[in-house]
Amino acid sequence: MDITLLNQIIKGLYLTISLAFFALFSGFLFTFILLYIKNSNLYNKYINLLINAFCFLIRGTPTLIQIFIIYYGLSELSIINNTFLWNAFQYPFFCAALALMINNCAYSYILFQGTINSIPKEQIFQAQLLGLSSFKIFIKIIFPQALKNVWGAYVNELIVIVKATSLASSITILELTGTMNKFAANTFQPLLAYGLCAICYYFINLAIIILFKKLIPRLF
Amino acid sequence: MIDNITIQYIGQILLASCNTLYITICSIFVGMVFAIIFSLAKYNLTPYINKISKFIINFIISIPELVVLFGFYFGTSFLLTKFYGTYTELNNVIAGIITLAIIFASYATEVLYAAYLKINKEQIDTAKLLGLSNFTIGYKIIFPQLIKYSLYGLSNLSLILLKDTALLSLIGVNETLASAKIAASATYSPFFFYSIAAGIYLCFSACAEYFINKINNKQKW
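Residues numbered from 1 in each chain as written. Chains lettered and ligands numbered in written order. Predicted model: local features only at pLDDT ≥ 70, side-chain atom pairs only at ≥ 80, totals over all residues. Heavy atoms only, no water.

Asks: Got a sec to walk through the overall build of chain B? Specific residues and values, please.
Replies: A count of helices and strands for chain B gives eight helices and zero strands. In chain B, the order of α-helices and β-strands from amino to carboxyl end is α-α-α-α-α-α-α-α. C-alpha atoms of chain B, sized along the principal axes, occupy 75 × 55 × 25 Å. In chain B, which comprises 221 residues, the share counted as buried stands at 42%. Counted over contacts in chain B with a minimum sequence separation of 6, partners at least 24 positions apart contribute 72%. Accessible surface for chain B amounts to roughly 12500 Å². Of this, 69% is attributable to carbon and sulfur atoms. In chain B, the 14 positive side-chain charges and the 9 negative ones have mean positions that sit 11 Å from each other. (Helix = DSSP H or I, 4+ residues; strand = E, 2+ residues; numbered from the N terminus. Buried < 20%, exposed > 50% of the residue type's maximum accessible area, 1.4 Å probe, protein only. Contact = heavy atoms within 4.5 Å. Areas by Shrake-Rupley, 256 points an atom, 1.4 Å probe, with all protein chains shown as cover. Lys, Arg positive; Asp, Glu negative; His and termini not counted. Charge placed at Lys NZ, Arg CZ, Asp CG, Glu CD.)

Next comes the structure, spelled out in structure tokens:
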């Protein structure tokens, strides 16, 4: 093993972590927007139907098919092919990040909505009696309690997204799994390659579990 | 746009979706066998089997499914070639079924243990007082209650298994995503055929969720 393998592994790790980071950050943003639409005065039964249809679509199909549709499928349509959108959609990193963001949004929405349903409704009624706007009610009353209750399940969702970044290797992104695929094909040592890959992912997930499940609950 | 060739490709994709269903059902059966073995190993009373199997099962859970799949398929092919001298490999369908079963079993140990903890232990004490053999206690008292309490978790895991069969297309198994890929690259229309594959998976998971809701809530059929 020479030094260029280490370089490739570090580049692969960098791609994996940045893909997971983009997907999680923007996914959380969109989940927040969807939750705010459902739990405030912006609620509309047609928008609710739309959100439920979106979650049903995303949760019923495999992540790999979502990645393939966004990368191979959308590049065929002329809306994306000939306009300014092609500057973004031609890169596989953008397509994989978009697919993982949509996936994270749908699953996190279901998680958060489940805990928001278990918050006692009297708090919201009394806050409305006190005259708080629905924005303040959502940020100060509903969302902190939901975040505290959902934290363990949300860390599991985080780990699922880190594991789903390995599917981006089928889109020709050279992240960790893709680099190890190349290494296994070059040196005919699949056990060594995939064993190293597995150890890297094990330590990444171990770090995430120790950081988010053990240390952060101690701070708050 | 929808002409004779497209209809033939759609027929090929539907035939391959039967293969997907077959792989899912086989994986669930093999996965249940592995799940019982794994949970007996993880919650064993002897200290070394306990800790080693807990470490191995946590290791398998934290690895992406793609890495488990490639590691198992190419790894067993490598070891068998070394052992036999000439190039030997596992059939890719069987390797896929075993990998999906291992992943299913690693998650199912927790579900089975939680279901086992819900059983009232006094029933087992009364049964021993009545003189029932260990086999009868396991078969008539523990096993039905285990199924009753673990059915919800196991049905969720089998839905995840259905969607993970899409990964097997990267191994070369002839299933829904693989034939959609063939159709898409032959006719240069990937959006249409990948959407059809997604629609087939959507139908499968919608039907499965409907039946699972019926069973779990015990509503009338």
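Asks: Tell me about the overall build of chain A, and name the residues and values.
Replies: Broken down by element type, chain A carries ten helices and zero strands. Helices and strands appear in chain A in the N-to-C order α-α-α-α-α-α-α-α-α-α. With the C-alpha coordinates aligned to their principal axes, the bounding extent of chain A is approximately 70 × 50 × 25 Å. Expressed as a percentage of the 220 residues in chain A, the buried residues total 45%. Look at the contacts in chain A between residues 6 or more apart in sequence, and 77% of them connect residues 24 or more apart. In the form shown here, chain A has an accessible surface area of approximately 11900 Å², with 71% of it arising from carbon and sulfur atoms. Here chain A contributes 13 positively and 5 negatively charged side chains, and the mean placements of these two sets differ by 14 Å.

Asks: Now, about unusual backbone geometry: what can you tell me, with residues and values included?
Replies: With a phi close to 65 degrees, threonine 172 of chain A is a non-glycine residue in the positive phi region. As for its position among the elements, threonine 172 of chain A is in the loop between helix H8 (134-164) and helix H9 (176-187). Unlike most non-glycine residues, tyrosine 188 of chain B shows phi in positive territory, near 55 degrees. Its location among the elements puts tyrosine 188 of chain B in the loop between helix H7 (176-187) and helix H8 (190-217). A relative accessible area of 68% places tyrosine 188 of chain B in the exposed class.

Asks: Hey, could you go over the side chain of serine 108 of chain A for me, with residue numbers and the actual values?
Replies: Tracing the backbone through its elements, the reader meets serine 108 of chain A in helix H6 (residues 92-116). Setting aside residues no more than four positions away along its own chain, serine 108 of chain A makes contact with Thr31, Tyr154 and Glu157 of chain A.

Asks: Hey, could you go over the pattern of salt bridges for me, with residue numbers and the actual values?
Replies: Residue and element names in this part refer to chain B. Enumeration over the complete set of coordinates arrives at one salt bridge over all chains. Close ionic contact of lysine 42 with glutamate 110 constitutes a salt bridge, the shortest N to O distance being 2.6 Å. Taken together, the residues span a long stretch of sequence, with lysine 42 in helix H1 (residues 4-42) and glutamate 110 in helix H4 (residues 92-117) at a distance of 68 residues. According to the relative accessible area criterion, lysine 42 is buried, its value standing at 8%. (Salt bridge = Lys/Arg side-chain N within 4 Å of Asp/Glu carboxyl O.)

Asks: Now, about the packing of aromatic side chains: what can you tell me, with residues and values included?
Replies: Working definition: an aromatic ring pair is given by the centre-to-centre distance plus the angle between the planes. The full count for this structure, using the stated rule, is 33 aromatic pairs over all chains. Aromatic pair phenylalanine 135 of chain B and tyrosine 139 of chain B: ring centres 5.8 Å apart, planes at 10 degrees, arrangement stacked. A residue pair is termed a helical-turn pair when its members lie 3 or 4 positions apart in one helix, as phenylalanine 135 of chain B and tyrosine 139 of chain B do in helix H6 (residues 134-164) at four residues. A connected cluster of aromatic rings, assembled from ring pairs, spans Phe28, Phe32, Tyr36, Phe112, Phe135, Phe138, Phe143 and Tyr154 of chain A. The ring of tyrosine 116 of chain B is capped by lysine 121 of chain B, whose NZ or CZ atom sits 4.5 Å from the centre of that ring. (Phe/Tyr/Trp six-rings, centres within 6.5 Å; stacked < 30°, edge-to-face > 60°. Lys NZ or Arg CZ within 6 Å of the ring centre and 35° of its normal.)

Asks: Describe the environment of alanine 96 of chain A, and please don't skip the residues or the numbers.
Replies: Residues and elements named next belong to chain A. Note that alanine 96 resides in helix H6. Its relative accessible area of 0% is what places alanine 96 among the buried residues. What alanine 96 contacts, discounting residues up to four positions off in sequence, is Leu19, Ala168 and Ile173.

Asks: Explain the layout of surface pockets to me, using residue names and the numbers behind them.
Replies: All names here are of chain B. Estimated volume of the second largest pocket: approximately 1100 Å³. Forming the walls of the second largest pocket are 33 residues, and the residues nearest its centre are Met32, Phe104, Leu112, Ser150 and Leu154. Only H1, H4, H6 and H8 provide two or more residues apiece to the lining of the second largest pocket. When residues of the lining of the second largest pocket are assigned to their parent elements, the largest contribution, twelve residues, is made by H6. The class makeup of the residues in the lining of the second largest pocket is 25 nonpolar, eight polar and no charged. (1 Å grid on protein atoms, 1.4 Å probe; cavity = no way out; pocket = protein on both sides within 12 Å on 5 of 7 lines; lining within 4 Å. Points joined across faces, edges and corners; volume = space filled by probe spheres on them. Nonpolar A, V, L, I, M, F, W, Y, C, P; charged D, E, K, R; others polar.)

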